[in-house]
Amino acid sequence: GKHWWQCSRCKNIVKRAMNRAPSAKDCREYRTDPAKMRPCADPRCSWHSHSSKCGGEYSKIRGPGKPSGKSTDADKASKKGGSVFGGAKVG
């Protein structure tokens, strides 16, 4: 499965195999020379292109091992072995 990260401002989604948020370490120049921790001029660099146009932060929205989000009352009740209606287990 893939890990999905979404920008809080522009809603851009980045899908990646590793569980690491997009960062300056994704810069093409940084990967060839870590001493270049500055904005690059490469128009294909997705990190610096996004940070200069938007500046939003990414948060994880989907991925292996991450809960899908909200669980319903029925989900909670079934995990506890009870009923959605709060009574004793029927059956």
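Our subject is the structure listed above.
Residues numbered from 1 in each chain as written. Predicted model: local features only at pLDDT ≥ 70, side-chain atom pairs only at ≥ 80, totals over all residues. Heavy atoms only, no water.

> What exactly am I supposed to notice about the overall build of the protein chain here?
For the protein chain, the helix and strand inventory stands at three helices and three strands. The linear arrangement of helices and strands in the protein chain, starting from the amino end, is β-β-α-α-β-α. Residue burial in the protein chain is summarised as follows: out of 91 residues, 22% are buried. Within the protein chain, residue pairs in contact and separated by at least 24 positions form 42% of the contacts whose partners lie at least 6 positions apart. Total accessible area on the protein chain stands at roughly 6,900 Å², and carbon and sulfur atoms take up 52% of it. (Helix = DSSP H or I, 4+ residues; strand = E, 2+ residues; numbered from the N terminus. Buried < 20%, exposed > 50% of the residue type's maximum accessible area, 1.4 Å probe, protein only. Contact = heavy atoms within 4.5 Å. Areas by Shrake-Rupley, 256 points an atom, 1.4 Å probe, with all protein chains shown as cover.)

> Hey, could you run me through the pairing of strand β2 (residues 13–16) in this one?
Every regular strand shows the same layout, with side chains that alternate between the two sheet faces. Across four bridges, the pairing between strand β1 (residues 3–7) and β2 is antiparallel. When the sheet's bridge partners are listed, W4 is paired in β2 with K15. The antiparallel pairing of β1 with β2 creates a hairpin that spans five residues between the two strands, and K11 there sits at a positive phi of about 65 degrees. (Pairing = 2+ DSSP bridges.)

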